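Coordinate analysis (summary)
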Number of protein chains: 2
Amino acid sequence: MGKSKVLIIGGTGYMGKRLVKASLAQGHETYVMQRPDTEIGVDIDKVETLISFKKQGAHLVPASFEDYKSLVEAVKLVDIVICAVSGVHIRSHSILLQLKLVEAIKEAGNVKRYIPSEFGMDAEKMKNAMEPGKVTFDDKMVVRKAIEEAGIPFTYVSANCIAAYWLGGLCQFGKILPPRDHVIIHGDGNLKGIYVNEDDIATYTIKTIDDPRTLNKTIYICPPENILSQREVVQKWEKLIGKELHKITLSKDDFLASKKALDFGQQVGLSHYHDILYEGFLTSLKIGDEDEASKLYPEVKYTTVEEYLEQYNTLTSLIRPSFSFPNHTDRQCKIFNTTPASPLLPEIASVTQTPIGRYPFPGAGGTKFSRGLTIHSIYYSDTPATNQMDLPSSEVIIHVSESKTNFLHPCSDQLLLFPDWRRRTACTVQGTQSCK
Amino acid sequence: MGKSKVLIIGGTGYMGKRLVKASLAQGHETYVMQRPDTEIGVDIDKVETLISFKKQGAHLVPASFEDYKSLVEAVKLVDIVICAVSGVHIRSHSILLQLKLVEAIKEAGNVKRYIPSEFGMDAEKMKNAMEPGKVTFDDKMVVRKAIEEAGIPFTYVSANCIAAYWLGGLCQFGKILPPRDHVIIHGDGNLKGIYVNEDDIATYTIKTIDDPRTLNKTIYICPPENILSQREVVQKWEKLIGKELHKITLSKDDFLASKKALDFGQQVGLSHYHDILYEGFLTSLKIGDEDEASKLYPEVKYTTVEEYLEQYNTLTSLIRPSFSFPNHTDRQCKIFNTTPASPLLPEIASVTQTPIGRYPFPGAGGTKFSRGLTIHSIYYSDTPATNQMDLPSSEVIIHVSESKTNFLHPCSDQLLLFPDWRRRTACTVQGTQSCK
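Residues numbered from 1 in each chain as written. Chains lettered and ligands numbered in written order. Predicted model: local features only at pLDDT ≥ 70, side-chain atom pairs only at ≥ 80, totals over all residues. Heavy atoms only, no water.

The name given to chain A in an unreviewed UniProt entry is (+)-lariciresinol reductase, with Olea europaea subsp. europaea as the source organism. The record held by UniProt for chain A lists under Subunit (unreviewed entry) the comment "Dimer." Here chain A is described in UniProt, under the heading Sequence similarities (unreviewed entry), as follows: "Belongs to the NmrA-type oxidoreductase family. Isoflavone reductase subfamily." (UniProt positions renumbered as here; feature names shortened; annotations may be inferred.)

Shown next, in the form of structure tokens:
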């Protein structure tokens with residue numbers, strides 16, 4: 001019996017294109033859904049991707065979620081249907097589109113297995129997931145229910161934490177590039193995550209499609225060397241770059257306090273990070289060998305966390321301030337005008353130590369902050385704190401925000417300094433700008 | 001003397017990534033600007049592209065347009081700087097960002113040549129370009145002025161019509177996939193365009209950078225076999241697919257009438273198509289051999305229009321209607337609820353022949369259109385027009401729009417039919433939906 005024919009829906013996406021590549025690489029006749037002109041618009045990147053699939057030997061199948069009959073015709077061409085429409089809210093959330101596909105598969109009657117868009121945490125284990133991120137799992141469960149009620153054979157692939165987001169940012173929420181200076185540690189940083197390279201997710205997924213051992217069940221991808229806490233991930237990066245990072249703890253309260261400043265998609269993401277890094281949804285996950293991809297397919301040489309991080313090793317990052325601040329000529333200040341407790345900040349998390357002193361604001365008498373802005377924190381050079389802002393010529397970063405956490409004065413010429421501040425290097429002044 | 005070192009700005013973009021590829025392919029030590037975390041955000045596609053550049057041997061240089069010093073440091077590393085920031089409004093318009101780069105290059109003092117983001121029509125020849133598209137050329141001229149006043153050596157690459165937009169859509173504005181049924185011809189369709197494959201634009205650009213013959217001048221890319229009118233492009237496609245397309249003429253007035261329904265970016269694009277297809281800005285372009293890339297570099301086997309179109313040959317397109325229309329059971333109707341004269345319509349351009357008769361609207365008595373909707377045109381099967389809507393069981397498409405052009409009744413149960421209507425095939429009914 002020859003290899004199954006595979007149809008991939010959402011094939012031009014981040015996961016989808018890897019599924020197309022893996023399907024072709026494993027010798028399957030591969031079909032990719034191509035949406036109509038009206039849905040493609042003038043997206044030349046999408047057309048370029050479709051053309052490249054064709055050049056690699058895939059077949060393009062015109063179909064649309066808006067045209068039910070085309071879905072039926074498309075699935076009739078193949079044995080296996082894999083859907084990779086986005087369930088990552090910051091990109092788009094299309095999980096429930098699959099309900100039409102499920103109907104089409106049921107009507108066509110020929111599909112031997114359907115792999116729905118899962119590829120994350122096991123939706124069935126996420127009944128206590130935090131809102132609004134729970135919507136991801138609720139919607140995936142709706143799709144599963146439809147699949148099972150329709151009697152369609154399936155495999156659900158739970159790939160836990162997608163490496164590009166999690167490892168790229170060293171498990172820091174909202175970041176996808178690893179820092180070289182300091183890192184925000186969520187909670188105590190000791191709860192485990194399970195990180196999988198996207199290419200490996202695709203490889204394992206294609207491995208499952210013809211495998212009777214994976215029929216009608218959930219398969220988990222838990223590469224043993226990739227089950228690590230955030231602190232352990234950070235250690236691996238520190239070893240790679242030969243340098244220790246300054247660690248700033250972000251408590252659960254401060255982390256969640258930032259939620260209201262985020263849009264819906266970001267809140268969904270924040271919920272997922274909360275569930276794993278603060279509630280430890282993955283930390284006690286125990287999966288039998290018969291349900292785990294790296295045990296089922298030991299021939300796949302999965303990418304370890306070190307190997308994944310290695311590719312970021314020369315992606316050094318330039319820290320860019322939001323705007324500069326007029327100051328004494330021998331001191332340069334930079335201000336980040338964002339919410340301090342927001343993990344989306346590039347620089348600084350909230351600091352909760354007791355203040356050791358008050359310092360006149362640089363340029364006092366000539367420099368004011370906007371109403372409602374709170375000076376959140378300041379990084380200064382390694383000089384003992386004094387009662388005068390007699391700092392050597394160096395860079396000083398003042399973090400301004402709208403949060404009142406940790407600071408008691410909204411708008412004044414005085415700053416609160418804390419003892420664990422460190423000097424930030426590699427910053428330059430942007431020129432000056434009056435604070436409105 | 002070794003090959004020049006090259007820095008590419010905007011390297012992760014559509015043109016930029018091709019420049020990176022061409023620069024590496026032609027043996028140049030290649031640097032790519034990598035923007036800071038704050039600017040990359042959670043764009044995993046961009047990070048993926050940067051990592052892939054690194055794997056191909058490029059160096060990544062952290063820099064930002066918001067950090068002048070970083071620009072100076074970046075350009076100091078190389079001999080040649082090429083900028084490919086977007087000037088295509090529907091993606092983004094960043095042409096004037098280059099002014100900071102020009103300052104940085106001037107300050108650094110080492111750059112042997114700057115290739116600014118041009119790659120389209122020669123901005124200097126576009127003083128009579130239509131608004132608002134003229135902004136593209138005005139901004140490019142501002143940058144040129146800055147370059148020349150700073151005494152920076154340069155080459156401006158004029159690549160005319162980028163193939164992905166122009167050839168992909170057979171020169172139809174707003175389309176990037178070639179049709180198999182009918183095509184909208186702009187004006188008489190006889191004015192010339194000059195179409196260049198993006199990869200060739202990159203190849204030629206890299207060829208120019210060390211070439212004394214191209215110093216301080218504009219180099220045009222006009223591959224002789226790619227200087228064609230829209231009708232000629234259409235003919236090439238028809239030959240490829242072995243089928244003639246039904247041609248619908250879109251007059252300049254109707255084309256321009258659609259402008260008000262478009263957003264700014266789309267209006268810019270419309271202006272460019274107007275300049276070439278209705279005003280013939282390229283049709284009489286005469287370039288000396290010493291200024292033309294395909295003559296300067298005959299060793300480059302550029303992609304002809306046929307070769308470029310060939311890759312679209314199996315990209316068949318599914319036409320999807322906006323919504324269906326309840327009708328007699330033996331007839332299926334589809335309605336496109338968009339502005340008819342808009343070239344962004346997937347289907348139909350305005351029709352200007354004299355009506356030959358009036359027909360009762362299908363389902364008269366039970367079907368109403370929204371207020372303000374005009375029935376624009378109807379495609380029906382090849383049956384002589386009669387005074388009764390006695391159409392055979394086939395598909396009928398009714399195009400509904402808000403334009404009053406060509407039709408005299410805003411909302412009624414009667415249609416105006418024209419003699420040159422043709423049957424549209426390959427459509428399916430979406431089910432039914434009452435018209436509000």
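Right, picking up where we left off after that structure.
A word on the overall build of chain A. For chain A, the helix and strand inventory stands at 13 helices and 18 strands. By residue count, 58% of the 436 residues in chain A fall in the buried class. Long-range contacts, defined here as pairs at least 24 residues apart, represent 80% of the contacts in chain A between residues at least 6 apart. Surface accessibility of chain A: about 17,000 Å² in total, with carbon and sulfur atoms responsible for 51%. (Helix = DSSP H or I, 4+ residues; strand = E, 2+ residues; numbered from the N terminus. Buried < 20%, exposed > 50% of the residue type's maximum accessible area, 1.4 Å probe, protein only. Contact = heavy atoms within 4.5 Å. Areas by Shrake-Rupley, 256 points an atom, 1.4 Å probe, with all protein chains shown as cover.)

So, about the sheet that holds strand E4 (residues 80–83) of chain A. Residues and elements named next belong to chain A. Read from one edge to the other, the open sheet built from 5 strands follows the order E3-E2-E1-E4-E5, with strand pairing classed as parallel. Edge strands, defined here as strands with exactly one partner in the open sheet, are strand E3 (59–62) and strand E5 (113–115). Within the sheet, the average angular offset between the axes of one strand and its neighbour, ignoring direction, is 25 degrees. Bridge analysis of E4 against E5 gives 3 bridges, and the strand direction is parallel. Directly across from valine 81, in E5, lies its bridge partner tyrosine 114. Lying on the sheet, helix H1 (residues 16–25) is in contact with strand E1 (6–9), strand E2 (30–34) and E4; it crosses E1 at an angle near 165 degrees. (Pairing = 2+ DSSP bridges. Axes fitted to C-alpha atoms, helices over the stretch in contact; angles between N-to-C directions.)

Helices that pack against each other are described as a pair by the angle of their axes relative to one another and the distance between those axes. All names here are of chain B. One can describe the packing of helix H4 (residues 68–75) onto helix H5 (residues 98–108) by two numbers: an axis separation of 8 Å at closest approach and a directional angle of 55 degrees. Considered as vectors, H4 and H5 are oriented oblique to each other. Note that H4 runs across H5; the crossing there is right-handed. Residue-level contacts link Tyr68, Leu71, Val72 and Val75 of H4 to Lys100, Leu101, Glu103, Ala104, Ile105, Glu107 and Ala108 of H5. Its residues placed into classes, the contact of H4 with H5 shows 8 nonpolar, no polar and 3 charged. (Parallel < 35°, antiparallel > 145°, perpendicular 65-115°, else oblique. Left-handed = near helix turned anticlockwise from the far one by under 90°. Nonpolar A, V, L, I, M, F, W, Y, C, P; charged D, E, K, R; others polar.)

Attention shifts here to the relation of the copies chain A and chain B. The two copies are related by a screw motion: chain A maps onto chain B through a turn of 180 degrees and a shift of 0.0 Å along the axis, at an RMSD of 0.0 Å. As the rotation angle and translation indicate, the two copies are arranged about a two-fold axis. If distances are taken from each C-alpha of chain A to the rotation axis, the shortest is found for aspartate 45 of chain A, at 5.8 Å. Counting the interface residues of chain A, we find that 98% of their copies in chain B are interface residues as well, pointing to one common contact surface. (Least-squares fit on C-alpha atoms with pLDDT ≥ 70 in both.)

Below, the discussion takes up helix H6 (residues 134–149) of chain B. Residues and elements named next belong to chain B. Taking 1.5 Å of rise per residue, the 16 residues of H6 would be expected to cover 22 Å, and the 22 Å separating its terminal C-alpha atoms lies within 8% of that figure. Listing the buried residues of H6 in full gives Lys134, Thr136, Phe137, Asp139, Lys140, Val143, Arg144 and Ile147. Those residues of H6 that are buried lie in contact with H5, strand E5 (113–115), strand E6 (155–158), strand E10 (217–220) and helix H11 (264–278). One or two positions beyond H6, positive phi appears at glycine 151, with a value near 70 degrees. (Expected span 1.5 Å × (residues − 1).)

Let us look at unusual backbone geometry. Residues and elements named next belong to chain A. Cis geometry is adopted by the peptide bond preceding proline 132, which originates at glutamate 131 and carries an omega value of -5 degrees. Along the polypeptide, proline 132 turns up in the loop between E5 and helix H6 (134–149). At asparagine 160, a position not held by glycine, the phi torsion is positive, near 60 degrees. Tracing the sequence through the fold places asparagine 160 in the loop between strand E6 (155–158) and strand E7 (161–162). Backbone geometry places asparagine 216, a non-glycine residue, at a positive phi of 55 degrees.

To continue, consider the interface of chain A and chain B. Listed per partner, the contact involves 49 residues of chain A and 48 residues of chain B. Buried area between chain A and chain B, both sides added, is near 4,600 Å², and the carbon and sulfur share of it is 57%. Applying the counting criterion to the chain A and chain B interface returns 4 salt bridges. Where glutamate 48 of chain B meets arginine 18 of chain A, a salt bridge forms, and the shortest distance between an N and an O atom there is 2.7 Å. Our count for the chain A to chain B interface comes out at 8 residue pairs in polar contact (both at pLDDT 80 or more). Of the residues forming the side of chain A that touches chain B, the biggest block, 8 residues, is contributed by helix H3 (residues 44–55) of chain A. (Buried area = accessible area lost by both parts, 1.4 Å probe. Salt bridge = Lys/Arg side-chain N within 4 Å of Asp/Glu carboxyl O. Polar contact = N/O pair within 3.5 Å; in protein donor to acceptor, adjacent residues only side chain to side chain.)

Turning next to the pattern of salt bridges. All chains considered together, the criterion is met by 36 salt bridges over all chains. Residue lysine 17 of chain B pairs with glutamate 48 of chain A through a salt bridge whose shortest N-O separation is 3.1 Å. Taken together, the residues lysine 17 of chain B in helix H1 (residues 16–25) and glutamate 48 of chain A in helix H3 connect one chain to another. The salt bridge partner of aspartate 79 of chain A is lysine 112 of chain A, with a shortest N-O separation of 2.9 Å. With aspartate 79 of chain A in the loop between helix H4 (68–75) and E4 and lysine 112 of chain A in the loop between helix H5 (98–108) and E5, this pair connects stretches of sequence that are 33 residues apart. Three or more residues joined by partner-sharing salt bridges are found here, namely Lys17, Arg18 and Asp199 of chain A together with Glu48 of chain B.

Okay, the pairing of strand E4 (residues 80–83) of chain B next. All names here are of chain B. Burial along E4 is two-sided: Ile80 and Ile82 and Val81 and Cys83, pointing in opposite directions, are all buried. As judged from the 4 bridges shared by strand E1 (residues 6–9) and E4, these two strands associate in the parallel manner. For isoleucine 9, the partnering residue across the bridge sits in E4 and is cysteine 83.

Turning our eyes to something else, we now look at the packing of aromatic side chains. All names here are of chain B. Inspection of the entire model under this criterion finds 15 aromatic pairs over all chains. Geometrically, the ring pair formed by tryptophan 166 and tyrosine 195 is tilted, given 6.4 Å between the ring centres and 45 degrees between the ring planes. With tryptophan 166 in helix H7 (residues 163–166) and tyrosine 195 in strand E9 (residues 192–196), this pair connects stretches of sequence that are 29 residues apart. Residue classification places tryptophan 166 among the buried residues on the basis of a relative accessible area of 7%. Given the relative accessible area of 0%, tyrosine 195 is considered buried. Considering the side-chain rings of tryptophan 166 and tyrosine 273, the 3.9 Å spacing of their centres and the 5 degrees angle between planes classify their relative orientation as stacked. Placement of the pair is tryptophan 166 in helix H7 and tyrosine 273 in helix H11, with a sequence separation of 107 residues. (Phe/Tyr/Trp six-rings, centres within 6.5 Å; stacked < 30°, edge-to-face > 60°.)

Residues and elements named next belong to chain B. Judged by pairing direction, the sheet is mixed, and its 3 strands sit side by side in the order E7-E9-E11 without closing on themselves. The two strands at the open ends of the sheet, each matched to only one other strand, are strand E7 (161–162) and strand E11 (227–229). Bridge analysis of E7 against E9 gives 2 bridges, and the strand direction is parallel. Looking at E9, one finds that isoleucine 162 is bridged to valine 196.

Okay, the side chain of serine 158 of chain B next. Residue and element names in this part refer to chain B. For serine 158, the location among the structural elements is in strand E6. Exposure remark for serine 158: the relative accessible area of 1% places this residue in the buried category. Here the side chain of serine 158 touches aspartate 122 through a polar contact of 3.2 Å, landing on its backbone nitrogen. Apart from residues lying up to four places away in sequence, serine 158 is in contact with Gly120, Met121, Asp122, Thr218, Ile219, Tyr220 and Ile221.

Side chains of Val42 of chain A together with Val88 and Ile90 of chain B sit close together on the surface and give an oily, nonpolar patch of about 190 Å² of accessible area. The class for isoleucine 90 of chain B is partly exposed, based on a relative accessible area of 38%. (Patch = residues over 30% accessible without salt bridge, like charges linked within 9 Å, V, L, I, M, F, W, Y side chains within 5 Å.)

Further remarks concern the side chain of serine 94 of chain B. All names here are of chain B. Mapping serine 94 onto the fold places it in the loop between E4 and H5. On the accessibility criterion, serine 94 (18% relative accessible area) is buried. Beyond its immediate sequence surroundings of up to four residues, serine 94 is in contact with Val85 and Ser86.

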